[in-house]
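Next come the chains, spelled out residue by residue.
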Amino acid sequence: MRIDITDADSVTAAAAATGDVTLLVNNAGMASSATLLTGSMDEVRATMESHFFGTLLVTRAFAPQLIANAPGAVLNVVSVLSWLHPQVLGAYAAAKTALWAQSDAVREELAPHGVAVTALHIGFMDTDMIADLDTVKTDPAIIAAMALDGVEHGVVEVLTDEMTREAKAALSRDRIAGAENTFEAWL
């Protein structure tokens, strides 16, 4: 089924065409290298529309089905950039951070209805989006297996690699100046 997550009519039509959804995977998005201070505002807005508002629109449209067919689950594909915020990817990082917060808030709303929400945090996955980056990348099949295992076990967050585990751990430590706690350190 083709869907444009930034178009309410498209999302409504997709939800109307189904009826027995028990697992919603929110994996749509766009790459953006817009910085927050000097990048195109149109690109910053489009990035937020795609990652945050589009995901929310889809989740809201499918929530009634998920609740009616509970137990159910939502899997939001987030990013390690919800925790690391390099200026060269400011719009993308801000959108993924907002999606992480959305995942937490929606989890609380859906939990009483028997619907779990899992956030999948990924560092570098071997996809077309980062094909040009010369770094270690995880096989998408491995990521998918980890994600489904996390959903099956009701895990709140799935941390797919050392980069995501270290970034998450760094949230509770004082911010230290230096490359060891930056996105660039992983490249």
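Residues numbered from 1 in each chain as written. Predicted model: local features only at pLDDT ≥ 70, side-chain atom pairs only at ≥ 80, totals over all residues. Heavy atoms only, no water.

Caption draft 1: View of the sheet that holds strand β3 (residues 115-121). Taken together, the 4 strands give an open sheet; going across it, the order is β1-β2-β3-β4, and neighbouring strands pair in parallel fashion. Lying at the two open borders of the sheet, with one neighbouring strand each, are β1 (23-26) and β4 (157-159). Here the strands of the sheet are splayed against their neighbours by 15° on average, with no regard to which way each runs. Bridge analysis of strand β2 (residues 72-77) against β3 gives 6 bridges, and the strand direction is parallel. Within β3, the position partnered with Asn-76 by the bridge is Ala-119. Packed onto the sheet, helix α3 (residues 90-110) meets β2, β3 and β4 and runs at close to 160° relative to β3. Here helix α4 (residues 140-152) sits on the sheet and contacts β1, β2, β3 and β4; the angle it forms with β3, its principal contact strand, is near 150°. (Pairing = 2+ DSSP bridges. Helix = DSSP H or I, 4+ residues; strand = E, 2+ residues; numbered from the N terminus. Axes fitted to C-alpha atoms, helices over the stretch in contact; angles between N-to-C directions. Contact = heavy atoms within 4.5 Å.)

Caption draft 2: A look at the packing of aromatic side chains. Tallied over the entire structure, the rule returns 2 aromatic pairs. The interplanar angle of 85° and the centroid separation of 4.9 Å between the aromatic rings of Phe-52 and Phe-53 together place this pair among those described as edge-to-face. Using a relative accessible area of 42% as the deciding quantity, one classes Phe-53 as partly exposed. (Phe/Tyr/Trp six-rings, centres within 6.5 Å; stacked < 30°, edge-to-face > 60°. Buried < 20%, exposed > 50% of the residue type's maximum accessible area, 1.4 Å probe, protein only.)

Caption draft 3: Representation of the pairing of β2. Within β2, 6 of the 6 residues are buried, which leaves the element mostly enclosed by the surrounding structure. Where β1 meets β2, 4 bridges bridge the pair, whose relative direction is parallel. When the bridges of β2 are listed, Asn-26 appears paired with Asn-76. Between the parallel pair β1 and β2, the chain is carried across by helix α2 (residues 41-68), and the sense of this crossover is right-handed. At this point the chain moves from β2, through α3, to the parallel β3, and the crossover so formed is right-handed. (Right-handed = clockwise from strand over helix to strand, strands pointing away.)

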